[in-house]
Amino acid sequence: MAFHRSAPWQPVAALVALLALGALPPLLDAFEQSYYLGLATRMLIFALAASSLNLVLGFGGMVSLGHAAFLGIGAYVAAICHQAGIQQGLLVLPLAMAVAGLFALLVGAISLRTRGVYFIMITLAFAQMVYYLFVSASAWGGDDGLPIYERLQFGSFSLAGDAALYYTALGALALAMFLFGRLAEARFGRTVQAIRENETRMEALGYPVFRYRLVCFALGGACAGLAGALLANQSGLASPSLLQWTQSGTLLVMVIIGGVGYLYGGVVGAIVLLGLEELLLSWFAHWHMVLGGLLLGIVLFAPKGVAALFGSSRD
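Residues numbered from 1 in each chain as written. Predicted model: local features only at pLDDT ≥ 70, side-chain atom pairs only at ≥ 80, totals over all residues. Heavy atoms only, no water.

Q: Let's hear about the environment of Val-306: which residues, and what values?
A: Here Val-306 shows up in the loop between α13 (287–301) and β6 (311–313). Among the residues examined, Val-306 registers a relative accessible area of 15% and is labelled buried. Separated by 51 residues in sequence, Val-306 and Val-255 place their C-alpha atoms 9.9 Å apart. Dropping the residues within four chain positions of it, Val-306 is found in contact with Ile-257, Gly-258, Val-268 and Ile-298. (Helix = DSSP H or I, 4+ residues; strand = E, 2+ residues; numbered from the N terminus. Buried < 20%, exposed > 50% of the residue type's maximum accessible area, 1.4 Å probe, protein only. Contact = heavy atoms within 4.5 Å.)

Here you go:
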């Protein structure tokens, strides 16, 4: 299975629509509905987080249940920097990516020596260790989390406005998707995909399989750290709930709904899942049951994911 891409016009059309959405805050404020711009920002941030997991799962074939650890670490790096008086985004965001990526490198160095369910359980165990570490760290808020009272700044440009944060999240997602697409077509990407398809053959050909998989895993962790830093700035809180295994499960569901192995699978899955949650919450008291039925329908009638209905592959 190759790493699937959509038709060239589809991401361009989606980007134009998302750029237009960011120009709506004055109209939304007039109707006291600026909440929806915040929801759109949240969708973009989770789309970035889910796409980082899709890089690991759909691109590298590594089923990880500890991806939320990298998301949470990125959020806490942003909050700790805020606590220390560091507000410059050009420093905080790369630092969040670096710390999350280094932790992913450590986790991968241990877990990638195993396969199958053992790999899944080790990644889950690391995530739970980090979760309990932050829960017990009273200096960083413990159960209550670590608040962020002021959003990041890029020189004189501040993310205090909802539209500013929205465009920053959109820019981060667009850049990540562009880089993921280029990576998939590069020699490194082709090699990782070949390892996913037949690891034994690639080892016999002399490729350093472990090294390639480790770099792919670390890249996914770094991108999740970026999403975590943006999410903490939007919500104003770095919470231990971001580190729970259920958050990893949510990201995994997003990827499956969108389409494992499709370049925009994580984006589509995040928008569909969060959009359905928001829509059903206002209509049904027991919306979880309705959501479960809808997700079951998606799995049955679109087993390759929603993105597969619009995407094409490049072998």
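Still more ground to cover, so stick around.
Q: Can you lay out the environment of Ser-111 for me, pointing to particular residues and giving the numbers?
A: Mapped onto the fold, Ser-111 is located in helix α5 (residues 89–111). Since its relative accessible area comes to 0%, Ser-111 is described here as buried. Measuring from C-alpha to C-alpha, the distance between Ser-111 and Phe-126 comes to 9.4 Å, with 15 residues separating the pair along the chain.

Q: How would you explain the pattern of salt bridges if you had to name every residue and give the values?
A: What the rule picks out here adds up to 3 salt bridges. For Arg-115, the salt bridge identified is with Glu-199, shortest N-O distance 2.4 Å. You can see Arg-115 sitting in the loop between α5 and α6 (117–136) and its partner Glu-199 sitting in helix α9 (residues 199–204), a full 84 residues away along the chain. (Salt bridge = Lys/Arg side-chain N within 4 Å of Asp/Glu carboxyl O.)

Q: Pulling in residues and values, what's your account of helix α4 (residues 67–83)?
A: In this model α4 runs 25 Å from its N-terminal to its C-terminal C-alpha over 17 residues, within 8% of the 24 Å that 1.5 Å per residue would give. A large share of α4 lies buried, amounting to 15 of its 17 residues. In the stretch just after α4, Gly-85 is the one whose phi turns positive, near 85 degrees. (Expected span 1.5 Å × (residues − 1).)

Q: Let's hear about the packing of helix α3 (residues 35–59) against helix α7 (residues 162–185): which residues, and what values?
A: Axis separation between α3 and α7 bottoms out at 9 Å; the angle between their running directions is 20 degrees. Classified by the angle their axes make, α3 and α7 are roughly parallel. As α3 runs across α7, the sense of the crossing is left-handed. Of the residues contributing to the contact of α3 with α7, the split by class is 20 nonpolar, 3 polar and 1 charged. (Axes fitted to C-alpha atoms, helices over the stretch in contact; angles between N-to-C directions. Parallel < 35°, antiparallel > 145°, perpendicular 65-115°, else oblique. Left-handed = near helix turned anticlockwise from the far one by under 90°. Nonpolar A, V, L, I, M, F, W, Y, C, P; charged D, E, K, R; others polar.)

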